[in-house]
Structures are given as C-alpha cells and as structure tokens.
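# Close look at the chain arrangement
Each chain, letter by letter, is given below.
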Amino acid sequence: MPAIAAVCVALLWLGRGAAYEQRDVPGKLSDSDFWRLITEASEQGGSFPSENFVSNETEFQTVIPRLKADVQTGGIYVGVGPDQNFTYIAALKPAMAFIVDIRRQNLLHHLLYKALMEMSPTRADFLTRLFGRPKPKGVADNAPAGVLFAPYLTTEETPGAFDRNLRDVLGRLKGHHGFVLSPSDESTIARILRIFHAHGPDIAYATSYIGTQMRDGVIVRTPMSIFPGFADLMVQTDKDGFNHAYLADESRYRTVRDMQLKNLIVPIVGDFAGPKAIRAVGAYVRARKATVTTFYTSNVEQYLFQNGVWEDYYANVASMPLDDSSRFIRAYFPSAQLGGRVYTIRPTDPPQMLFSRPGGMGFIESESLICSITDLIAAVDTGKVQTYYDVVQFSK
C-alpha cells in the first residue's frame, strides 16, 4: 500500500490557518458546472441492503459541540447518506459539501431535497411539500421542531398533492436547472416522494414504519420499527439538551437552503473504496486551495473492513487535502435494544412528547464518534489499524 502518512505530510502545507485564507471555492456554482461535477466525479452505482430514507442514528448530534470547537467554518464537508448531513452542514457552515454514496438513489434523493428546499422559503413550506399534507395553521415560524411536526402527524395527505409536488420537483430540476434525468431517475424520485407522502413524519430508515392512529381523541403510536422516524430525529439533542437539527429552527434551515440555491451541496455516486469519486472530490478541493475539514462516514467503514477494501478507502481519504483539524465523524452500533410497546399521547401532553421514546424504546441504539483524520491515516500507515474495532477504539 502507498505510504499514506507521507501523502498526509505533503498536504499539511494547506495548514489550518492558511487553507481558509487562500481557498478559492466558488460562492456559487452554475447549473452546468454543478451537473458537470456530478457527472464527472460519479462512479457506477452500486447497491446497499437498505434504502436509507432517513438516518437510523439516534445520537448523531452529540458530537456537534466538540466538532464546532475543533473545526473551523468555511472548509469542505464530505458525507454519506440522506439528510442527517444537513444537520452537520447547518452546524459547521462549510463553504461547500459533497455527499458521496454508492447508491444512485441517494443522489436522486438529494436532488429531491434540493428541489423541495429551493421552492420552500420556510421549514413549514418544506415539510408541507415533502409530506403532501396541509400547512399547519397557527404555528409560529420560530416554533420548536416538536411543535412544528405535530400537526403533520395527525393530518391526511392533501388530495392531488403528490401529482402537484412531483410536477413541481421535476420542473425545477429539469426545466429550471436543466439537469438531465432518465426515465428511471424520474421514477425513482417519484417513488421516494410517494413514500414520504404516505408515511409523513413517521417515515423511517427501513420499510417497516411506526403506526399512528387516533383513538377517542388520543394519539396512539405503535413502534413497529427498530429505527427512529423522521420527526424523532429532528427533536433529538446533544448531551446538554440543545437541538442542532437543520429543522430545529428557521436559521439552520436557511443555512442549508441557501447552499442548495447556490448549488453548493453536491451529491455524487461513489464507493468510498472505489477508484474515482473520493479522489475526484479531493482533486477538486485541492485545485481551489481548500481543505476537507469534516468527513462523515456513518458506519460505512464497517462494511469496507468486511469486504477487505479498507486500505483502498484510507488511501483515497489520504489523497484529499487535509490538515490537523480535519475530523472523521462515524456511527457505531454497539448493541440492539429491541422493543415493541404501544404508548399513547394525550391532548394535554406537550407536542415534543409525540416524538420522544425515553430510553430508546424500540430503537437500535447508536453512538457517534469523532477522531482526527490525519492521526487515523498515520495509524493505518504504521500498521496500528487492522480491524474496524481498532478504528472504533481509536475514536474513543
């Protein structure tokens, strides 16, 4: 394997202070440059056991205070998966973000989010389009996430909403931006939107969902999934009780929406251990004198070790411009606490209770971990990392 540590040393000239002062990252990408970057950086799509409609990580906010202390704003963010990336982006305020995922469906999922956000000035506008349900009345613009989400839980899909929303989404992507989508792409976007319309705030990572019913004026929710729903994730907090979610308030939502409007959140199809995508992102960033400051991996590394391609992956990461503040964010699932209890929410309960399951009721518990990217790459290069468990231990 190449001497990864030597690559990192060669890149450290982009050091923490100089990198951000000298960066030449565009403040906005044209539609043609955005689509060209996606096309030229992407690899052939692959498969994954789940469709990942939303995150399955219950603790992904817990590392944000430490990240904000370690990572300067204005760098480059790299991530994987669906919209949990937006929460990290809202907190860290990078100059540009790349979402690299092996599934083309994830790229199309992000294009769906992009279109919906661009057409939605507020969080309520976004959720109304995403779920196809009536916009809540009497909910203040600055309402906390639990209050905002509550009305969507008990309302039905608006007749004709799906057809209108899909037409608007495709019109935005194809007509306004000029992006080239195949019939298969359009069908996939339609399918994702239909699933969000059908399940609303309860949509979860996998295709078994949480059931919600009204019985005698009382909301009854039955956890039929081992994963949290969309709204559950949006009311999570860090260890101090602060909610960093991108839909926690209007300011965080605007941070993400503004980047979408400027084409600065770029979804790419790519295998972390593949020959092209990660290296293409690194080359793009380096050419603009910028630094990858954050790399969110979820638990993808677990699969790379299982498939015996982890050395290729870390060599890809080492090829990117890094500095001593660059951080990995990863998810770790130490155990599965399964449940299936039915519980009720009465009208007198606060709206936040709609999306609260104390003790991880029915959920697989996760931990979110961070570590220095350059330190871990050096450990790989010197043979101190041989297993996925070594990576987890390194992070702790």
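Above this text you will find the structure in question.
All values derive from a computational prediction rather than experimental measurement.

### Observations regarding the side chain of Gln105
Mapping Gln105 onto the fold places it in helix H6 (residues 104-118). With a relative accessible area of 17%, Gln105 lands in the buried category. Those residues in contact with Gln105 that sit more than four places away from it in its chain are Glu51, Phe53, Thr188, Arg191 and Ile192.

### Here's the deal with the packing of aromatic side chains
A ring pair, where both rings are aromatic, is described by two values, the distance of the centres and the angle of the planes. Taken as a whole and judged by the stated rule, the model has 26 aromatic pairs. Here Tyr113 and Phe196 contribute two aromatic rings whose centre-to-centre distance is 6.2 Å and whose plane-to-plane angle is 75°, an arrangement assigned as edge-to-face. A residue pair is termed long-range when its members are at least 10 positions apart, and Tyr113 in helix H6 and Phe196 in helix H10 (residues 183-199) qualify at 83 residues. By relative accessible area, Tyr113 is classed as buried at 1%. The class of Phe196 is buried, set by a relative accessible area of 0%. With centroids separated by 4.8 Å and ring planes inclined at 15°, the aromatic side chains of Phe305 and Trp310 adopt a geometry described as stacked.

### Quick word on the pairing of strand E6 (residues 292-298)
Most of E6 is tucked away: seven of the seven residues are buried. Both strand E1 (residues 76-79) and E6 contribute to a ladder of three bridges, which runs parallel. When the sheet's bridge partners are listed, Ile76 is paired in E6 with Val292.

### What to know about the side chain of Arg103
Structurally, the position occupied by Arg103 is in the loop between strand E2 (96-101) and H6. Among all residues touching Arg103, those that are not within four sequence positions of it are Gly46, Ser47, Phe48, Ser50, Glu51, Asn52 and Val269.

### Observations regarding the pattern of salt bridges
In total, this model carries 15 salt bridges according to the counting rule given. In this structure, Asp70 and Arg327 form a salt bridge, with 3.4 Å as the shortest nitrogen-oxygen distance. One end of the pair, Asp70, is in helix H4 (residues 64-70); the other, Arg327, is in strand E7 (residues 327-336), and 257 residues separate them in sequence. The exposure classification of Asp70 matches that of Arg327, with both residues buried. Counted as one network, the salt bridges with shared partners bring together Arg66, Asp70 and Arg327.

### Quick look at unusual backbone geometry
Backbone geometry places Asn263, a non-glycine residue, at a positive phi of 60°. Using a relative accessible area of 2% as the deciding quantity, one classes Asn263 as buried. Backbone geometry places Ser298, a non-glycine residue, at a positive phi of 50°. Ser298 sits in the buried class, given a relative accessible area of 11%.

### Considerations on the packing of H6 against H10
At a minimum axis distance of 9 Å, the contact between H6 and H10 shows a crossing angle of 65°. When the axes of H6 and H10 are compared, the pair comes out roughly perpendicular. Seen from above, H6 lies across H10 with right-handed handedness. Seen from H6, the contacting residues are Arg104, Gln105, Leu108, His109, Leu112 and Tyr113; seen from H10, they are Asp185, Thr188, Ile189, Arg191, Ile192, Leu193 and Phe196. Counted by class, the contact of H6 with H10 contains seven nonpolar, three polar and three charged residues.

### Topic: the nonpolar core
Membership of the largest hydrophobic core comes to 114 residues, with the highest contact counts inside it found for Phe230 and Tyr246. Sort the elements by how many residues they give to this core and H6 lands first, with eight residues.

### Considering helix H5 (residues 84-92)
In terms of residue burial, H5 counts as a mostly covered element, since nine of its nine residues are buried. Where H5 is concerned, the buried positions are Gln84, Asn85, Phe86, Thr87, Tyr88, Ile89, Ala90, Ala91 and Leu92.

Scoring rules and cut-offs
Residues numbered from 1 in each chain as written. Predicted model: local features only at pLDDT ≥ 70, side-chain atom pairs only at ≥ 80, totals over all residues. Heavy atoms only, no water. Helix = DSSP H or I, 4+ residues; strand = E, 2+ residues; numbered from the N terminus. Buried < 20%, exposed > 50% of the residue type's maximum accessible area, 1.4 Å probe, protein only. Contact = heavy atoms within 4.5 Å. Phe/Tyr/Trp six-rings, centres within 6.5 Å; stacked < 30°, edge-to-face > 60°. Pairing = 2+ DSSP bridges. Salt bridge = Lys/Arg side-chain N within 4 Å of Asp/Glu carboxyl O. Axes fitted to C-alpha atoms, helices over the stretch in contact; angles between N-to-C directions. Parallel < 35°, antiparallel > 145°, perpendicular 65-115°, else oblique. Left-handed = near helix turned anticlockwise from the far one by under 90°. Nonpolar A, V, L, I, M, F, W, Y, C, P; charged D, E, K, R; others polar. Core = buried A, V, L, I, M, F, W, Y, C linked by side-chain atoms within 4.5 Å.

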